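For reference, the chains in residue letters:
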Amino acid sequence: MPEKAWMYLRNPEFNLERAARFSRPSGGPGACGWLPIAKTLSLLIRKEKSHRFPTFFLEDKTIGKMSMFPKISLRHEVEKYLKEGFVNKEVVSAFGKQEAERKFETLLNRLSHPPSFTTVRVNTHLASVQHVKDLLFDELQKQFNGLNVPILQHPDLQDVLLIPVIGPRKNIKKQHCEAIVGAQCGNAVLRGAHVYVPGIVSASKFMKAGDVISVYSDIKGKCKKGAKEFDGTKVFLGNGISELSRKEIFSGLPELRGIGIRMTEPIYLSPSFDNVLPSYLFLQNLPSAVVAHVLDPQPGEKILDLCAAPGGKTTHIAALMHDQGEVIALDKISNKVEKIKQNALLLGLNSIKAFCFDGTKALKLDMVKDAEGKPPFLPESFDRILLDAPCSGMGQRPNMACSWTLKEVTSYQPLQRKLFTVAVELLKPGGVLVYSTCTISLAENEEQVSWALRTFPYLQLQPQEPQIGGEGMLGAGLSLEQLKQLQRFDPSVVPLRDTDIDALRDARIEDMIWLANKDCIGFFIAKFIKGKNT
């Protein structure tokens, strides 16, 4: 009974009567029917009410009321496919079809907007969190012209710092001179980046260096490179100062890869981390920083990061081990492997060995030992394995448009299963396997857990620490107890809000932490332990 009560409570839009009906025995209401669960829910609501909706943001009563941008644009067949996962029989039985559909539409709307906080991880191998926090405070004072934006240390992730995002700022005056950037560049701008030359698609005819420019994102990819004007679908990102003229930007010189437009009035004010404390900080989404803590690597262990690029989680694992032990990082793309090596060097971590190798082939089929410690590896070689699997990436934020076909989106499930099978074989008995994705689909998350438990009966789901995300989603046949052992980060559970500096001054720290935990990218984590293979 309490398990079901918690499940409904954690959906901020749950319907008490519907929850009661779902828990009612088929024989009708009685001692185990709707009244006991209603009482349980009532008690839980009173206990948790003060932390469900922090006071410093405003709730959108209708979808899109406070939306700065339209919902993410997807191909019709892709949206239909994703919707089928969210409006599945188990969810509809629990919450009703209307509520399931509302939640899905809310999620699509959230995906086009940036998270409420910028998250950075401190490299505790080289410096203390407090020292880096002090350095970062001075840097933000410079970037924000003395604006006092708080920096919060996460209470459950001691090496993580949170910086609130200010915005959307709706009083920015649009300029006559315009620049159009690609969708990926636009997404980066909304997270605090400046505009780099390769991202500029179009610029006004007479744009000169030093001009104040209004920057727009071409979310549907329709603008032609070098165009002098564009009347298609575009989204305003803010104003900046051009570092180069239009002629210089489109000169075709390959060496022009630096900043083309320096953002001075972005609609979402986030710090730029371009070359900011590079040995001390790693820019990382909150759920990504949770993953290594869930893996819980210990000094002296041999760890495998099976799909490691660009190395954020790899370097986090090494730091948590105090750089004592061995962290093997694999990726099949050579320039990404070089990036892992560069990050390890920059952060002063010596326990990382990175190899350009296909993770699906990492299991050594013959039993001849490789003395050099290179892939492929013998079975049962690793104490812990992280499989941060290649995925459809549908949880990334902000993301205003995705042009992927249904074939592309559905291609990841079989690849993930191949990698998972290799990971299980490479893991020692008693070892820990953590599976994670940055996508929202049922097929790549809960369905993969259900498949894994059926296929490898000696695997057991484990509780996760810290538990910051919500439970897993209904629809894959997992029990309520199993769903509680998963972490699904779902930004649809919080309303869109405006955040301004005045509101931050009055906000409680615990409310800001609550919001940072909820209003992040879509993400999924499962933790397994391997028993004896009988």
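As the structure is a prediction and not an experimental result, all values here were calculated from the model. Position numbers for residues count from 1 along each chain, tracking the sequence in the order it is written. The predicted origin of the model limits local features to residues at a pLDDT of at least 70 and limits the giving and counting of side-chain atom pairs to 80 or more, whereas totals for whole chains, interfaces and linings rest on all residues. Heavy atoms from the whole structure form the basis of all side-chain values; hydrogens and water molecules are not counted.

1. As for the sheet that holds strand β8 (residues 212-218)
Note the following rule: Strands are labelled as partners when DSSP assigns at least two bridges between them. Strands here mean DSSP runs of E at least two residues long; helices mean DSSP runs of H or I at least four residues long; both are numbered from the N terminus.
Strand order in the open sheet made by the 6 strands is β6-β10-β9-β8-β5-β7, with mixed pairing throughout. Strands with a single pairing partner mark the edges of an open sheet, and in this sheet they are β6 (195-196) and β7 (200-203). With 5 bridges connecting them, strand β9 (residues 235-242) and strand β10 (residues 259-266) associate as antiparallel partners. Counted as the bridge partner of G240 is M263 from β10.

2. Thoughts on the sheet that holds strand β3 (residues 152-153)
Pairing is antiparallel in the open sheet, where 4 strands are placed in the order β3-β4-β2-β11. Taken across any chain shown, the strands that pair with only one partner, and hence form the sheet edges, are β3 and β11 (281-283). Both strand β2 (residues 117-122) and strand β4 (residues 160-164) contribute to a ladder of 5 bridges, which runs antiparallel. The partner of T119 across the bridge, within β4, is L162.

3. Quick word on the packing of aromatic side chains
For clarity, the threshold we go by: Aromatic pairing here means that ring centres of Phe, Tyr or Trp (its six-membered ring) are within 6.5 Å. Orientation follows from the plane angle: under 30 degrees is stacked, over 60 is edge-to-face, and everything else is tilted. Exposure classes here rest on a 1.4 Å probe applied to the protein chains alone. A residue is buried below 20% of its type maximum, exposed above 50%, and partly exposed in between. By the criterion adopted, a ring carries a charge over it if an Arg CZ or a Lys NZ lies within 6 Å of its centre and within 35 degrees of its normal.
The final tally for this structure, using the stated rule, is 12 aromatic pairs. Ring geometry for F377 versus F382: centroids 5.1 Å apart, planes at 90°, classification edge-to-face. On the numbers, 5.7 Å between centres and 90° between planes, the contact of W451 with F456 is edge-to-face. The same class applies to W451 and to F456, which are both buried. Grouped by ring-pair contacts, the aromatic residues F420, Y435, W451, F456, Y458 and F528 constitute a single cluster. The ring of Y216 has K234 lying over it, and the distance from NZ or CZ to the ring centre is 4.8 Å.

4. Re helix α18 (residues 509-518)
For α18, the tally of buried residues reaches 7 of 10 residues, placing the bulk of the element in the interior. Buried within α18 are the following residues: D511, M512, I513, W514, L515, A516 and N517.

5. Some points on the pairing of strand β15 (residues 382-388)
With respect to burial, β15 is a largely interior element, 6 of its 7 residues being buried. Strand direction decides the pairing type here: strand β12 (residues 302-305) and β15, joined by 3 bridges, are parallel. Bridging across to β15, L304 finds its partner in I385. In this sheet, strand β17 (residues 427-437) lies alongside β15 in parallel orientation, the contact comprising 6 bridges. Its bridge partner lying in β17, L386 is registered against V434.

6. A few points about helix α12 (residues 334-346)
For the record, the criterion: Between the first and last residue of a helix there are one fewer steps than residues, each counted as 1.5 Å, and that sum is the expected span. Here, the arc refers to the directions that run from the helix axis to the C-beta atoms.
For α12, spanning 13 residues, the distance from its first C-alpha to its last is 18 Å, which sits close to the expected 18 Å at 1.5 Å a residue. Among the residues of α12, V337, I340, N343 and A344 are the ones counted as buried. Taken end-on, α12 shows its buried residues confined to a sector of 120°, consistent with a single buried face. Every exposed residue of α12 that faces more than 90 degrees away from the buried side is listed here: N335 and L345.

7. Remarks on the packing of helix α4 (residues 76-86) against helix α6 (residues 97-111)
The criterion, for reference: The convention used is that axes are lines fitted to C-alpha atoms, helices contributing only their stretch in contact, and that angles between N-to-C directions extend from 0 to 180 degrees. Angular relationships are summarised with four words: roughly parallel below 35 degrees, roughly antiparallel beyond 145, roughly perpendicular across 65 to 115, and oblique for the angles in between. Handedness of a crossing is defined here by the sense of rotation of the near helix relative to the far one, left-handed for an anticlockwise turn of less than a right angle and right-handed for a clockwise turn. Working rule for contacts: check all heavy atoms of both residues, and any pair within 4.5 Å makes them a contact. Note on residue classes: Ala, Val, Leu, Ile, Met, Phe, Trp, Tyr, Cys and Pro are nonpolar, Asp, Glu, Lys and Arg are charged, and everything else, Gly too, is polar.
Axis separation between α4 and α6 bottoms out at 9 Å; the angle between their running directions is 130°. Classed by the angle they form, the pair α4 and α6 counts as oblique. Here α4 runs over α6; the crossing is right-handed. Contact residues: E79, L82, K83 and F86 in α4; A100, E101, F104, E105, L107 and L108 in α6. Here the contact of α4 with α6 is composed, by residue class, of 6 nonpolar, no polar and 4 charged.

8. Quick word on the confidence of the model for the protein
The condition is simple: Confidence of the predictor in every single residue is expressed as pLDDT, which spans 0 to 100.
On average, residues of the protein carry a pLDDT of 89, and 87% of them reach 70 or more. Contacts for the low-pLDDT stretch residues 1-53, under 50 throughout, to residues beyond four places or in other chains number 76 contacts. Low pLDDT (under 50) marks residues 55-65, which in the prediction has 28 contacts with non-local residues, meaning those over four places away or in another chain.

9. Structural notes on the pairing of strand β20 (residues 523-530)
The buried fraction of β20 is high, at 7 of 8 residues. Summarising the sheet, β17 and β20 pair through 6 bridges and their orientation is antiparallel. Its bridge partner being in β20, S436 is matched across the sheet by I525. Sheet topology places strand β18 (residues 459-461) next to β20; 3 bridges connect them, and they run antiparallel. Looking across to β20, one finds that Q460 is bridged to I529. Of the strand pairs in this sheet, strand β19 (residues 487-489) and β20 are connected by 3 bridges, and their pairing is antiparallel. Along β20, the bridge assignment pairs Q487 with I525.

10. Description of the pattern of salt bridges
Our working rule: Just to be clear on terms, a salt bridge is a Lys or Arg side-chain nitrogen sitting within 4 Å of an Asp or Glu carboxyl oxygen.
One pass over the full model with this rule turns up 21 salt bridges. With a shortest N-O distance of 3.5 Å, K170 and D498 are connected by a salt bridge. In this pair, K170 sits in the loop between β4 and β5 (178-182) while D498 sits in the loop between β19 and α17 (501-506), placing the two residues 328 residues apart along the sequence. With a shortest N-O distance of 2.7 Å, R384 and E301 are connected by a salt bridge.

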